[in-house]
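# Examining the three-dimensional arrangement
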Amino acid sequence: MAFRPLGDRVLVRRVKEEEKTKGGIIIPDTAKEKPQEGEIVAAGPGARDDNGKIQPLDLKVGDRILFGKWSGSEVTLEGEELLIMKESDVLGVLA
């Protein structure tokens, strides 16, 4: 993908939503919530501190993350819906 986030921003692809519950009930599209889990597709170099030095991100491409429900800005790149968010919007990395 030909996109490079700037500063402390990351590009995130949401994980696929479950079509069924664990009990086997099919979830209709109108009842589905967007997942708050994703994978980092691209990451910026990091934010600059007060001295102008770049502070590298703790996140890297391929990390599976959790983020807040209203985090990030939705964008469509090459026909795919993705999120751009700041590193501070990420709640944690899944092991």
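Everything here concerns the structure above.
Described below are features of the structure shown in this document. Treat the numbers as computed from the prediction; the structure is a model and nothing was measured.

As a further point, take the sheet that holds strand β6 (residues 73-77). What the six strands build is an open sheet, ordered β6-β7-β1-β2-β5-β8; its pairing is antiparallel. Looking at the sheet topology across the chains shown, the edges are occupied by β6 and β8 (90-93). Neighbour to neighbour, the strand axes of the sheet diverge by 45° on average, direction disregarded. As paired elements, β6 and strand β7 (residues 80-86) share five bridges and run antiparallel to each other. The partner of V75 across the bridge, within β7, is L82.

Before going further, it helps to spend a moment on the nonpolar core. In terms of nonpolar packing, the biggest core is built from ten residues, these being V10, V12, I40, L57, L59, I65, F67, L83, M85 and V90. At the level of secondary structure, the elements contributing two or more residues to this core comprise β1 (9-14), β5 (64-67) and β7. Here L57 is in contact with D8, R9, V10, A43, G44, P45, G46 and E87, once residues within four sequence places are set aside.

Here we come to the side chain of S71. Tracing the chain through its elements places S71 in the loop between β5 and β6. A polar contact is formed between the side chain of S71 and the backbone nitrogen of G68, at a distance of 3.2 Å. Setting aside anything within four residues of it in sequence, one finds S71 in contact with L83, M85 and D89.

Our next topic: the pattern of salt bridges. In total, this model carries five salt bridges according to the counting rule given. Notably, a salt bridge pairs K86 with D8, separated by 3.7 Å at the nearest N-O pair. Of this pair, K86 sits in strand β7 while D8 sits in the segment before β1, placing them 78 residues apart in sequence. Judged by its relative accessible area of 16%, D8 falls in the buried class.

The rules behind the values
Residues numbered from 1 in each chain as written. Predicted model: local features only at pLDDT ≥ 70, side-chain atom pairs only at ≥ 80, totals over all residues. Heavy atoms only, no water. Pairing = 2+ DSSP bridges. Helix = DSSP H or I, 4+ residues; strand = E, 2+ residues; numbered from the N terminus. Axes fitted to C-alpha atoms, helices over the stretch in contact; angles between N-to-C directions. Core = buried A, V, L, I, M, F, W, Y, C linked by side-chain atoms within 4.5 Å. Buried < 20%, exposed > 50% of the residue type's maximum accessible area, 1.4 Å probe, protein only. Contact = heavy atoms within 4.5 Å. Polar contact = N/O pair within 3.5 Å; in protein donor to acceptor, adjacent residues only side chain to side chain. Salt bridge = Lys/Arg side-chain N within 4 Å of Asp/Glu carboxyl O.

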